[in-house]
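Coordinate analysis (summary)
What follows is the residue order along each chain.
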Amino acid sequence: MILVVGDVVDDIGVLPLEPVAPRSDTRAQIRMTPGGSAANTAAWLGFLGSPARFFGKVGNDGVERHAASLREHQVDPRLVADPLLPTATIVLTLDDDADRTMYVDRAANGTLTLDDLDDGLWADVDWLHLTGYTFFDPETRAVAVELIAEAKRRGAGVSVDPSTTAFLREVTPEAFVDWTSGVDLLMPNLDEARLLVGATGPFVDFDALTRMYPQVAVTLGSMGAAYVAGSVREQVAAPRVQVIDTTGAGDAFAAGFLASWVERKDARVALQGGIGAASRCVQQRGARP
């Protein structure tokens, strides 16, 4: 069982259908779909056949709706309702290259506390996956740090996806590395990896990364993904596909990698699984299967 803890969100995706007309009207395709980096990863895990449990916080309006959405992908949802705040919302605007800009209202996500956790979350759990957003919010940081400690006490592996360069730069890479001490596997994209090691050029010092974390799986966009652990180096290329929407691609990669890694510990096979899920994700609108 893989336990995923973190954000669950209502995504509002905006795809302009014509050049944007500032201060006037622009035709667009607008869709509201379930999202949140951690919840997306859980959904992809379940879709790929890996036993997954998700824990997060929503508004009263979102408990049944988001639980049902996760169950559709065979995920065990454990959602807590905030009595005052609504479910988190993100507005995503897509550009001509299918890249997205996000406007974030964390709402109920930001009220997750240690009191919300219970021992039942850990039944049969072999692996814990977290995303950077829980660390970057000072209101939820203690929950993320305690979850790592509890996973270590229980002998479960831990992975973390840094999630965003903007917030990582804001809190400083040094602080993030300190908060994520004890993590077994870091799963950054290329920009996040460069930021963590202070790279000024296009390349990443993988040796520097593995001095921070024992294992690293880095997504490289159209170049695929790489795994590094000590002297072990593996890289798998990405297939050429038509990219419709990059939203959730990193979440899908994390799920595809972990679904294989937790069972087999074969880096190349896990990279292939991650790239396969991410490639499927970018060929559709929305962040989930």
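Here goes a summary of the coordinates provided.

1. Topic: helix α1 (residues 37–47)
The element α1 is extensively covered by neighbouring structure, given that ten of its eleven residues are classed as buried. Downstream of α1 by one or two residues, Gly-49 has phi in the positive range, about 90 degrees.

2. A closer look at the packing of helix α9 (residues 249–264) against helix α10 (residues 267–282)
Where α9 contacts α10, the axes come no closer than 7 Å and their chain directions differ by 150 degrees. With respect to each other, α9 and α10 are oriented roughly antiparallel. Our pair here, α9 against α10, has a crossing hand that is right-handed. Facing α9, whose interface residues are Ala-249, Ala-252, Phe-253, Gly-256, Phe-257, Ser-260, Trp-261 and Arg-264, α10 presents Ala-267, Val-269, Ala-270, Leu-271, Gly-273, Gly-274, Ile-275, Ala-277, Ala-278, Cys-281 and Val-282. Of the residues contributing to the contact of α9 with α10, the split by class is 14 nonpolar, four polar and one charged.

3. Quick word on the side chain of Arg-53
Mapped onto the fold, Arg-53 is located in strand β4 (residues 52–59). Under the relative-accessibility criterion, Arg-53 is labelled buried at 5%. Here Leu-121 takes part through its backbone oxygen, which lies 2.8 Å from a polar atom of the side chain of Arg-53. A polar contact of 2.9 Å, which involves the side chain of Arg-53, links it to the backbone oxygen of Ala-123. Ignoring anything within four residues of it in the chain, the contact list for Arg-53 reads Met-1, Ile-2, Leu-3, Val-4, Val-75, Asp-76, Arg-78, Gly-120, Leu-121, Trp-122, Ala-123 and Val-125.

4. Topic: the sheet that holds strand β5 (residues 75–82)
Spatially, β5-β4-β1-β8-β9-β10-β11-β12-β13 is the arrangement adopted by the nine strands of the open sheet, whose pairing is mixed. Edge positions in the sheet fall to β5 and β13 (232–236), since each of these pairs with one other strand and no more. Against the sheet, helix α2 (residues 63–71) touches β4 and β5, its axis set at about 165 degrees to β5. Those strands touched by helix α4 (residues 141–153) are β1 (2–5), β8 (127–131) and β9 (157–161), and its axis lies near 165 degrees from that of β8.

5. Some details on the environment of Tyr-227
With respect to the helices and strands, Tyr-227 occurs in strand β12 (residues 225–229). Between the C-alpha atom of Tyr-227 and that of His-66, which follows or precedes it by 161 residues, the distance is 33 Å. Those residues in contact with Tyr-227 that lie beyond four places of it in its chain are Gln-215, Val-216, Ala-217, Val-232, Arg-233, Glu-234, Phe-257, Trp-261, Ala-267 and Leu-271. A polar atom in the side chain of Tyr-227 sits 2.7 Å from the side chain of Gln-215.

6. Quick word on the side chain of Thr-131
Positionally, Thr-131 belongs in strand β8. Contacts of Thr-131, omitting those with residues within four sequence positions, involve Val-5, Ser-37, Ala-38, Asp-161 and Ser-163.

7. Some remarks on unusual backbone geometry
Phi is positive for Asp-124, close to 65 degrees, though the residue is something other than glycine. Following the sequence through the fold, Asp-124 ends up in the loop between β7 (100–105) and β8. Taking relative accessible area as the criterion, Asp-124 reaches 64% and is therefore assigned exposed. Positive phi is not limited to glycine here, since Thr-172 has a value of about 85 degrees. Within the secondary structure layout, Thr-172 lies in the loop between α5 (165–171) and α6 (173–179). On the basis of relative accessible area, Thr-172 is assigned to the partly exposed category, the value being 32%.

Calculation criteria
- Residues numbered from 1 in each chain as written.
- Predicted model: local features only at pLDDT ≥ 70, side-chain atom pairs only at ≥ 80, totals over all residues.
- Heavy atoms only, no water.
- Buried < 20%, exposed > 50% of the residue type's maximum accessible area, 1.4 Å probe, protein only.
- Helix = DSSP H or I, 4+ residues; strand = E, 2+ residues; numbered from the N terminus.
- Axes fitted to C-alpha atoms, helices over the stretch in contact; angles between N-to-C directions.
- Parallel < 35°, antiparallel > 145°, perpendicular 65-115°, else oblique.
- Left-handed = near helix turned anticlockwise from the far one by under 90°.
- Contact = heavy atoms within 4.5 Å.
- Nonpolar A, V, L, I, M, F, W, Y, C, P; charged D, E, K, R; others polar.
- Polar contact = N/O pair within 3.5 Å; in protein donor to acceptor, adjacent residues only side chain to side chain.
- Pairing = 2+ DSSP bridges.

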